[in-house]
Amino acid sequence: MQAKKTSGLLVTLKKNREYGFVYRRGKSCGGHYMVLLCVFRKYGGLKAGFSVSKKVGNAVVRNKARRRLKECLRLYLPEISKSAQIIFIARAPIAAAEFAAIAKEMGYLLRKAGLLEGGKKQKAGE
């Protein structure tokens with residue numbers, strides 16, 4: 001049974017236990033600017049979390065990186081049809097990166113994780 005496509009509304013992880021679950025059980029895919037942790041669910045749609053540490057920069061730089069990550073994911077939301085909980089962990093080079101480079105890498109990681117069409121298929125039982 002295929003989950004329905006998500007709307008343009010981004011639903012975020014809020015509770016510490018939600019983040020902890022994804023950190024413990026999630027499969028990771030890494031890139032130059034960010035790391036993606038992903039746990040597939042049977043229902044519930046897509047829930048996303050964003051983690052930007054102090055290694056990235058001061059508060060202004062961290063918030064800019066977080067806003068860019070959220071906007072990139074919002075652009076990919078119509079293409080994501082699976083239910084999952086995901087976390088994007090920003091790496092230090094994201095502070096100087098162009099928006100287009102961040103968006104391109106996010107698309108690559110979403111395909112690699114199996115969330116976008118054209119990526120590797122999710123195995124039964126995951």
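Scroll up for the structure.
Residues numbered from 1 in each chain as written. Predicted model: local features only at pLDDT ≥ 70, side-chain atom pairs only at ≥ 80, totals over all residues. Heavy atoms only, no water.

(A) Looking closely at the overall build of the protein chain. In terms of helices and strands, the protein chain carries three helices and four strands. What you see in the protein chain, going N to C, is helices and strands ordered as α-β-β-β-α-β-α. Buried residues in the protein chain amount to 44% of all 126 residues. Taking contacts inside the protein chain between residues at least 6 apart in sequence as the whole, the part at least 24 apart equals 80%. When the accessible surface of the protein chain is totalled, it reaches about 7,700 Å², and 53% of it is carbon and sulfur. (Helix = DSSP H or I, 4+ residues; strand = E, 2+ residues; numbered from the N terminus. Buried < 20%, exposed > 50% of the residue type's maximum accessible area, 1.4 Å probe, protein only. Contact = heavy atoms within 4.5 Å. Areas by Shrake-Rupley, 256 points an atom, 1.4 Å probe, with all protein chains shown as cover.)

(B) Inspection of helix α1 (residues 16-25) at higher detail. Those residues of α1 that sit buried are Glu18, Tyr19, Gly20 and Val22. Lining the buried residues of α1 we find β2 (34-40), β3 (46-51) and β4 (84-90).

(C) Seen up close, the nonpolar core. By size, the foremost hydrophobic cluster in this structure holds 32 residues, and its most contacted members are Leu69, Leu73, Ile86, Phe88, Met106 and Leu110. At the level of secondary structure, the elements contributing two or more residues to this core comprise β2, β3, α2 (59-76), β4 and α3 (99-113). Ranked by residue count, the leading element in this core is α3, at six residues. Leaving out residues up to four positions away in the same chain, Ile86 has contacts with Leu13, Leu36, Leu37, Cys38, Leu46, Lys47, Ala48, Gly49, Leu73, Leu110 and Leu115. In this structure, Leu13, Leu37, Val39 and Ile87 belong to the second largest nonpolar core, which totals six residues. (Core = buried A, V, L, I, M, F, W, Y, C linked by side-chain atoms within 4.5 Å.)

(D) Local environment of the sheet that holds β2. Pairing in this open sheet of four strands is mixed, and the strands run β1-β2-β4-β3 from one edge to the other. Single-partner strands in this sheet number two, and they are β1 (27-30) and β3. Averaged over all adjacent pairs, the angle separating strand axes in this sheet is 20°, with direction ignored. Examined bridge by bridge, β1 and β2 share four bridges and lie antiparallel to one another. Bridging across to β2, Gly30 finds its partner in Val35. Running at roughly 160° to β3, α2 makes contact with β2, β3 and β4 of the sheet. Set on the sheet, α3 makes contact with β1, β2 and β4; between it and β2 the angle comes to about 35°. (Pairing = 2+ DSSP bridges. Axes fitted to C-alpha atoms, helices over the stretch in contact; angles between N-to-C directions.)

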